[in-house]
Amino acid sequence: MTNREESIFLWGWARRRREGQRVTLVRGLLIGAIGGFVFAAIMLFAMTQGGASFRVSEEAAGPILGAIARVLGPTLFLFVISIAAFAGLGVFVSIVIWRRMEWRYHALLDAGRHVPPDEPVLTAAEKRTKWIIVGGFGLLSLFLLGMVLWEIQSGRL
């Protein structure tokens, strides 16, 4: 990292640390839950297209999940399991990223670097890079959603 990159990181992470790890965990939980909801909605759409229905096989789900599926019904079970799993994944990823960023933050402070008092001004190239990355992920997401819908419409999913 250059001194400028270190300053940008230290300033940004010092601000994020003020929010606290709990806020980051809740943010990860919410993002994961939204992802789980979207996943369940796509799966429900794919499984019930053309008037089809689906059920949860208690043999495949096991005794505990099978009993829960019987109580909730297949649709609610799909949403509950998906949202819970993705929310847990969001929390796990938030914890891992938080720990890595904290480690880097403390390593830089221990190396004698200081958090700048004012926000470092980003150059046009740095701002452009951020938006290119965000745009790339957005286009990738749209492409993947389109491919999933295409597979559903053609009956292969």
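The rules behind the values
Residues numbered from 1 in each chain as written. Predicted model: local features only at pLDDT ≥ 70, side-chain atom pairs only at ≥ 80, totals over all residues. Heavy atoms only, no water. Axes fitted to C-alpha atoms, helices over the stretch in contact; angles between N-to-C directions. Helix = DSSP H or I, 4+ residues; strand = E, 2+ residues; numbered from the N terminus. Parallel < 35°, antiparallel > 145°, perpendicular 65-115°, else oblique. Left-handed = near helix turned anticlockwise from the far one by under 90°. Contact = heavy atoms within 4.5 Å. Nonpolar A, V, L, I, M, F, W, Y, C, P; charged D, E, K, R; others polar. Salt bridge = Lys/Arg side-chain N within 4 Å of Asp/Glu carboxyl O. Buried < 20%, exposed > 50% of the residue type's maximum accessible area, 1.4 Å probe, protein only. Polar contact = N/O pair within 3.5 Å; in protein donor to acceptor, adjacent residues only side chain to side chain.

1. So, the packing of helix 2 (residues 21-47) against helix 5 (residues 124-153)
Consideration 1: One way to put it is that helix 2 packs onto helix 5 with a least axis distance of 9 Å and a crossing angle of 20 degrees. Judged by the angle between their axes, helix 2 and helix 5 are roughly parallel. In this structure, the crossing between helix 2 and helix 5 has a hand that is right-handed. Residues Ile 42, Phe 45 and Ala 46 of helix 2 form the contact with helix 5, whose own contacting residues are Leu 145, Val 148, Leu 149, Ile 152 and Gln 153.
Consideration 2: Of the residues in the contact of helix 2 with helix 5, the class split is seven nonpolar, one polar and no charged.

2. Observations regarding the pattern of salt bridges
Consideration 1: Inspection of the entire model under this criterion finds five salt bridges.
Consideration 2: For Glu 126, the salt bridge identified is with Arg 4, shortest N-O distance 2.8 Å. Taken together, the residues span a long stretch of sequence, with Glu 126 in helix 5 and Arg 4 in helix 1 (residues 3-19) at a distance of 122 residues.
Consideration 3: Put simply, Arg 113 and Glu 6 hold a salt bridge, and the shortest N to O gap is 2.5 Å. Placement of the pair is Arg 113 in the loop between helix 4 (74-110) and helix 5 and Glu 6 in helix 1, with a sequence separation of 107 residues.
Consideration 4: In this structure Arg 113 comes out as partly exposed when scored by relative accessible area, which is 32%.

3. Some remarks on the side chain of Glu 102
Consideration 1: Within the secondary structure, Glu 102 sits in helix 4.
Consideration 2: Of the polar contacts made by the side chain of Glu 102, one reaches the side chain of Trp 13; its length is 2.8 Å.
Consideration 3: Excluding residues within four positions of it along the chain, Glu 102 makes contact with Trp 13 and Arg 17.

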